[in-house]
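Residue-level structure breakdown
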Amino acid sequence: MAQAEKIDVEILAITGMTCANCSARVEKELKEQPGVKSATVNLATEKATVQFEEGITSVDRLINSIEHIGYGAILYDDAHKQKIADEKAREVASMKRDLIISALLTAPMMIGMILMLLGVHHPVVAFLHKPLVQLILATPVQFWIGSRYYKGAYHAIKTKAPNMDVLVAMGTSAAYLLSVYNGFFAGHHGDLYFESSATIITLILLGKYLEQNAKSRTGNAIKQLMALQAKRATVIRDGVEKDIAIEEVLLHDLVRVRPGEQIPVDGKMTEGQTAVDESMLTGESLPVDKQVGDTVYGGTINTNGTIVFEATKIGSDTALSRIIRMVEEAQGSKAPIQAVADKVSGIFVPAVLVIALVTLLVTGFLTNNWETAVIHSVAVLVIACPCALGLATPTAIMVGTGLGAKNGILIKGGESLESAANINGLIVDKTGTVTHGKPSVTDFEVIAEDRYTKTAALEILASLENLSEHPLAQAITGYAKEKNIAIDLPVAQFQAITGAGISGEVSGTLFYVGTKRLLAAHGVSLPPAVEREAAQMESQGKTVMYLADDTEAVAFVSVADKVKETSRQAILALQKQGVDVYMLTGDNKRTAQYIGEQVGLDEAHIFAEVLPEDKAEYVKKLKTEGKFVAMAGDGINDAPALANADVGIAMGTGTDIAMETADVTIMNGDLQNIVKTIHLSHLTMKKIKQNLFWAFVYNTVGIPFAALGYLNPIVAGAAMAFSSVSVLTNSLSLNRKKI
């Protein structure tokens, strides 16, 4: 039998990328490596997400392949994150230093040119226009400050993937060399363009510096989440309190948290009661009451009482760490709409080189003024840059997913964010999604009063349900405990009957607990009076279950699950957005109808008595009707339906498996956040389309103007430098939107 391949997914931090062509080249190189299943390189985050088969390749080999084509790479993990941050800070500091030096050397030439254009005649102006003076000022800018572009151009040409560095290096070199020729070798002193080459380099460097600062702001959501992580914890070991670093906390440690302190890791409370501010995780502003047995999460704030809890998840397993990881992965992903920009970027630079050459030849032969022809082609080279195209989509995705995280909405990636805008059909699971998912017993009655007392019947029922993990079972056992009824009778041959109930043997008698359908399947009928009473309860939204032995019905119990206060408001808002909302439930039709009416759903949109394994079929049914379907649920049995939906939405009050399967996780389980998710998707897609439109228009309009001589190379360089900044600024404006 063949051994199953082991797939690993790693994130690499990439250095040296300057434009979309760079990220495309790195992505292509990674995809060509043996064993690599997929690779996505994000220019905005400067990270690569690589899925590869262990044993065929490794992280070190992948890093070597990236370095071979002239870029840098380092594994983006907890051990290297600080090193990467320090390296990034040094890079930005170096860029700032070079920018200041470049500006100081360029300023005298620019001032001299401006004064000359204004008709100022002064010895200082004449001095600043001397070829030797300008050569001395321009040369360090061209070959020291501008060396980054020459290095980048060399590697780009070497790997046959021309990028922005090629355009800048060629354009500024042409202007510089023409100035050297005119200043020192021409029979007459022609015009000097030293200030043009120096100013272009300075402006592009300024644009890159501003771009780096703007990029750092697009990642603010991650920084804010990371800032929530506690640095230290107070643990109780052998009865002694110790203040230790968060990394030293062990599983099952007892942790004490006092009022106002941050909860360091995830755990289950063992002492005390309090209210916890979980707004940083869920977006919910009101503190959540906690008591013994409740779960607390690392990064949240204990507001009033002193508590002790047992650490159940530490390090990378905590909810906060998983959220950070999920947001990082989302921000490093690509949206399908980016494919258009990637295709254009791939042919963009070669096309610009051809246009620049045509401009040079046509202008030269038509005017017989090769100096003018060179300047026109330089303008073409420096105005054209695929950076804006490369940043248009990922920057908006970064800001959009970050904004979602601040509001308790975790979006798995760019594809999920884009897909959410297309939702026109939403299936919601009733329990835990429309309702609170914490049912309680409202009625308990004995039917076979001649054989069982109320206490005996409840003891049998609760003992059977004590072995079940169903939410209704917990409601029944909780009710029995309140009545001081024992729930520990010995049960033999216990069996869970999917979608119907349970069975088990108590004191030699086989009992069934479940629906009327379960009883009928085993030949047990109900008295008409009981059926009428049960029907009345079901019409009030209560779920009725029966206890029966192998001869007759023994008792019945009704359980109700309260509708969430915001469910009706959210469903009406979704319907206004053009989304058809459907509710799925395993409950009977009467109960489902009652809940549906409360939240504004008509009968045709309510699917009752649905078995867990059939939920995915309802998703498929709506998809065949042409709906773009989202499924919202919170249980393990919702996972197949979540996976089959176009967009799976896990209500974060539920299970880890639902969250892993879903495209979107709503941390506080509030349906209103689905409304926000769709609105956020529309806002983000609008920004992406705006970015792509202006990036395309800018280059489409700018290149012909430059080719025809209507743009001075300095103006062209400034336009190119700030095109990326404008795209980033537009993406960052998403942060000001209310979702």
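None of the values given here were measured: they were computed from a predicted structure.

About the criteria used
- Residues numbered from 1 in each chain as written.
- Predicted model: local features only at pLDDT ≥ 70, side-chain atom pairs only at ≥ 80, totals over all residues.
- Heavy atoms only, no water.
- UniProt positions renumbered as here; feature names shortened; annotations may be inferred.
- Helix = DSSP H or I, 4+ residues; strand = E, 2+ residues; numbered from the N terminus.
- Patch = residues over 30% accessible without salt bridge, like charges linked within 9 Å, V, L, I, M, F, W, Y side chains within 5 Å.
- Areas by Shrake-Rupley, 256 points an atom, 1.4 Å probe, with all protein chains shown as cover.
- Salt bridge = Lys/Arg side-chain N within 4 Å of Asp/Glu carboxyl O.
- Buried < 20%, exposed > 50% of the residue type's maximum accessible area, 1.4 Å probe, protein only.
- Contact = heavy atoms within 4.5 Å.
- Domains from an automatic or database assignment.
- Lys, Arg positive; Asp, Glu negative; His and termini not counted.
- Charge placed at Lys NZ, Arg CZ, Asp CG, Glu CD.
- Pairing = 2+ DSSP bridges.
- Axes fitted to C-alpha atoms, helices over the stretch in contact; angles between N-to-C directions.

Turning next to the UniProt feature "transmembrane region" (unreviewed entry) in the chain. Mapped onto this numbering, the UniProt entry gives "transmembrane region" (unreviewed entry) at residues 99-120, 126-145, 166-186, 192-210, 347-367, 373-392, 691-708 and 714-734. Annotated as 86% helix and 0% strand, the span residues 99-120 places its first and last C-alpha atoms 28 Å apart. Its end C-alpha atoms 26 Å apart, residues 126-145 is made of 90% helix and 0% strand.

Turning our eyes to something else, we now look at a nonpolar patch on the surface. Together, Leu-132, Ile-136, Tyr-181, Phe-184 and Phe-185 give the surface a local cluster of nonpolar side chains, amounting to about 570 Å² of exposed area. Mapped onto the nonpolar patch, the elements with two or more residues apiece are helix H5 (131-145) and helix H7 (164-185). Here the element with the most residues in the nonpolar patch is H7; it accounts for three residues. The topology assignment puts Ile-136 in helix H5. The class for Ile-136 is exposed, based on a relative accessible area of 55%.

To continue, consider the environment of Gly-648. Here Gly-648 is to be found in strand E25 (residues 647-651). Linking Gly-648 and Gly-633, residues 15 residues apart in sequence, is a C-alpha distance of 8.3 Å. Setting aside residues no more than four positions away along its own chain, Gly-648 makes contact with Met-631, Leu-642, Ala-662, Asp-663 and Val-664.

Split into domains, the chain comes out as domain 1 (7-77), domain 2 (140-223 + 328-397 + 685-736), domain 3 (250-314), domain 4 (408-435 + 564-679) and domain 5 (439-562). One C-alpha centre belongs to domain 2, the other to domain 5, and the line joining them spans 74 Å.

This paragraph deals with the environment of Leu-574. Its place among the elements puts Leu-574 in helix H21 (residues 567-576). Not counting residues up to four positions away in its chain, the partners in contact with Leu-574 are Leu-426, Val-579, Val-581, Ile-674, Val-675 and Ile-678.

Together, Glu-445, Glu-449, Asp-450 and Glu-533 line one region of the surface with negative charge. Mapped onto the secondary structure, Glu-449 falls in the loop between strand E16 (440-446) and helix H17 (454-465). Under the relative-accessibility criterion, Glu-449 is labelled exposed at 63%.

To continue, consider the UniProt feature "domain: HMA" (unreviewed entry) in the chain. The positions UniProt marks with the feature "domain: HMA" (unreviewed entry) are residues 8-74. Between the end C-alpha atoms of residues 8-74 the distance is 16 Å, and the span holds 33% helix and 37% strand.

Now for the pairing of strand E7 (residues 254-257). Residues Val-255 and Val-257 of E7 are buried on one face, while the alternating residues Leu-254 and Arg-256, pointing to the opposite face, are not. Relative to E7, strand E5 (residues 232-237) runs antiparallel, the two sharing three bridges. In the strand pairing of E7, Ile-236 is matched with Leu-254. In this structure, E7 lies alongside strand E13 (residues 307-313), joined through four bridges in antiparallel fashion. When the bridges of E13 are listed, Leu-254 appears paired with Glu-310.

Sheet strands pair by backbone hydrogen bonding; their relative direction is either parallel or antiparallel. Taken together, the six strands give an open sheet; going across it, the order is E16-E21-E20-E19-E18-E17, and neighbouring strands pair in antiparallel fashion. Each edge of the sheet is formed by a strand with only one pairing partner; in this case those strands are E16 and strand E17 (492-497). Going from strand to strand, the sheet's axes swing by 15° on average, the running direction of each strand aside. Judged from the seven bridges that link them, strand E20 (residues 542-548) and strand E21 (residues 553-560) form a sheet pairing that is antiparallel. If you follow Leu-547 over to E21, its bridge partner there is Ala-555. Strands E16, E20 and E21 of the sheet are contacted by helix H20 (residues 528-539), whose axis makes an angle of about 150° with E20.

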